[in-house]
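# Secondary and tertiary structure notes
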Amino acid sequence: MHALMHALMHALMHALPHEAAALKSPPALSGRLGPRARRALKALLILPLALWLGYVVVVNVMLSTGLIARLVSYNPVDASLYYGSAWSLWPGVVHVKELRLSGSDSVLQWAVELDEADVDIHLTDLLRKKFYAEDIRATGFVFRLRMLVDPTSERDLEAPHIEALPPIPEFANPPLKPELPPKHDLESSDEGYNLWTVHLEGIDTTLKEVWIQQVRYAGGGRVRGGFYYKPLRAVRVGPVALELRSGEVHVADRVVARLDADADVTMSTFDPRDVDGLDVLDTAWARVRLDAQLPGLDFIPLPAGDGAGPRLEDGSGELRTNLVVNRGSVEPGSTASYETSHLVASTASLRATVEARAALRVDERGAARLAVTLPRATLERPGSGLPPIVVERASAAFDAPELHLLRLQPGFASKVDVVAAAIPDLRWLNAEGAAPDAPRFTGGAAFLRSSLEVDPLGRGTGSLNLLLKHGALQWKKTKVKGDVAARMTLDAADVLNPTAKLRKGRIDIEDLAIEHEGEAVPGWWAHIDIEDAEVRRGLMEAAIRVECKDARPAVMLLDAEDAIPGWAAGLLTMEGLKASAKVRRADDGVDFRLLEAKGGDLAIRGRLTKSDGQTPRGAFLVKSGLLSMGIALERDGAGVHPLAGDGWVNEKMTALGR
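Residues numbered from 1 in each chain as written. Predicted model: local features only at pLDDT ≥ 70, side-chain atom pairs only at ≥ 80, totals over all residues. Heavy atoms only, no water.

## Overview of the nonpolar core
The condition that has to hold: By convention a nonpolar core is built from buried Ala, Val, Leu, Ile, Met, Phe, Trp, Tyr and Cys residues, the set being connected through side-chain atoms within 4.5 Å. Each residue gets one of three labels from its accessible area relative to the maximum for its type: buried under 20%, exposed over 50%, partly exposed in between, using a 1.4 Å probe on protein chains only.
Judged by nonpolar contacts, the single largest core of 60 residues is most densely connected at Leu 81, Val 96, Leu 101, Phe 131, Ile 136 and Leu 259. Core analysis: the next-biggest nonpolar cluster, separate from the first, contains 32 residues, Leu 512, Ile 528, Met 574 and Leu 577 among them.

This is the structure:
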């Protein structure tokens, strides 16, 4: 409309002098026209000028007196228009300074501000409660939006997250939902619907601020595009091109990023009553290029349980993105990365510090990979006096056939590698609040490396190599100290259930010193092979083969040493002992089946069970040549049965249950 009227008036203004000259110069033409025709021609030529003059007078009077602003602001709760000054020389085209347009519905409040603008306003649409403007050339664009606060659910209306909402001059702070229900239920019925519609097209303006809820951008930039908003009925955005230059992002009173960014956004028309939270992404296409410097991540809220919850500290670094998102789906070619040299996550009892890099990439087929590397990480227990656990060169990769921001794939592949980790004091492994008679480490160090791969079905395979140096453990009246090396191969772990099967494991114990009730066993060694082990909720079982120096530690722990007759004293040595057993640990207790143990001229087999909180029970048969002896562990203590045979031990083992 602006361009059409401008062209018409330009043509008429240039035509008037020529027409006047033509009337004077050719007398033949004036002579052919009668007085009535000449008057009609003059009127035809003067009418556009008169209409233009009338428009200028009437519209500028309406603008200067604020009549148009009062028309829009008839019900300021629904919509309010304010401007410092305004004038118009062409129909519909208004030059305005200090403009502010705001409004609300039963869910939210919003405001648009411009320092100065040339706007083509469809004046007749104002009569239909619609603010429709085109070709908006402006400076100083400000946009603010905040959701209404329900005072019945918010206990503290002066809480920081409420005080951080953007102020809107036309409305009170904080923005409370009315106590009484509205006269008309506009969310579910069209009866009495009278809210103003805002439709802006052809926006081209410099940017000052965008403030949505507690998140505020302040800085340079440019906005081009348009949007349509019919409260509680329809929203349409774009296409909008957004440029952000050397600006700052604030969350409440914290600066959380300094950035340069470009974004193109288009949102198809949707009913806001049908969209909840991030589901709005299902209506949008967006391209976002972002280069941000992050002062820290401590603004990110973490779920807190009882007492002091987890929190983040520092995390300063760089965030870069080049993403294309189509209805929530991240498109091929998209990338994102974050890098920090110092991120701290802490709870009341633990503090982890990491150097980290995370990189996301979506390949040409749409498959996504998130790669995380930790060149170094430490874990501390403040106030404990323990040195920190150190992890060197850990990495993790997560692969998915596609990436959707709203509907994450339930099955994805992952791989985790730890090249080196050190636990400098094994007291780290002691459970807090454990019973006084529970096993506990008193010293030593551990070093490990591990790898774990999980396929999209949740099946995992991996390996673990562990070395304990000078490990010291105390359990009741027994103390052990020595070196242990372990190698485990994980065959099939189901991380969804969760369950795990250990295909093969090997534990080598070297130069172990054992002390039990003042009696010492130095230089003990053992090689333990674990096969077909299974671990799942409430159950652990495995087949074990052992080769060790002698059986003395086992006899000591069974408190059966005093009950062994002289002829079976070889039980205390059984040099080069070889044994196989099955162990089952369930919620109801422990079941240990010794299938066979041989050493020297002795052989032993039997079974030991122990329910939680109960005295161990069991039976073992010891053979030496033609002689044999049974050892029974009952609730009232250990008993010896000379000359017991296979029938005796089989009966005792069966009596212990399946």
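## What to know about the environment of Asn 75
This is how it is decided: Helix numbering and strand numbering both begin at the N terminus, where a helix is a DSSP run of H or I of at least 4 residues and a strand a DSSP run of E of at least 2.
Among the structural elements, Asn 75 can be located in the loop between α4 (67-72) and β1 (79-82). In sequence terms Asn 75 and Asn 194 are 119 residues apart; their C-alpha atoms lie 9.8 Å from each other.

## Describing the side chain of Arg 233
Keep this limit in mind: In this description, contact between two residues means that some pair of their heavy atoms is separated by no more than 4.5 Å.
Examined against the element boundaries, Arg 233 turns out to sit in the loop between β7 (215-230) and β8 (234-251). Sequence-distant contacts of Arg 233, defined by excluding residues within four places in its chain, comprise Leu 186, Glu 187, Ser 189, Asp 190, Tyr 193, Phe 270, Asp 271, Pro 272 and Arg 273.

## Let's talk about the pairing of strand β22 (residues 499-516)
To be explicit about the condition: Two strands are said to pair when DSSP picks up at least two bridges between them.
For β22 and strand β23 (residues 519-536), the ladder comprises 14 bridges, and the chain directions are antiparallel. Bridge assignment links Glu 515 to a residue of β23, and that residue is Ala 520. Taking the residues that link successive antiparallel strands as the turn, the β22-β23 hairpin has 2 residues, and the phi of Glu 517 there is positive, at about 50 degrees.

## Description of helix α7 (residues 646-655)
Heads up, the rule is: Our arc is simply the arc of the directions from the helix axis toward the C-beta atoms.
Turning to α7, its buried residues number three or more, namely Trp 648, Val 649 and Met 653. Mapping the buried residues of α7 onto a view down its axis gives an arc of 125 degrees, with all of them on the same face. Seen from the open side of α7, the exposed residues pointing more than 90 degrees away from its buried face are Gly 647, Glu 651, Thr 654 and Ala 655. Contact partners of the buried residues in α7: β27 (602-610), β28 (617-624), β29 (627-634) and β30 (637-642). The first or second residue beyond α7 is Gly 657, which carries a positive phi of 100 degrees.

In short, geometric facts, not functional conclusions.
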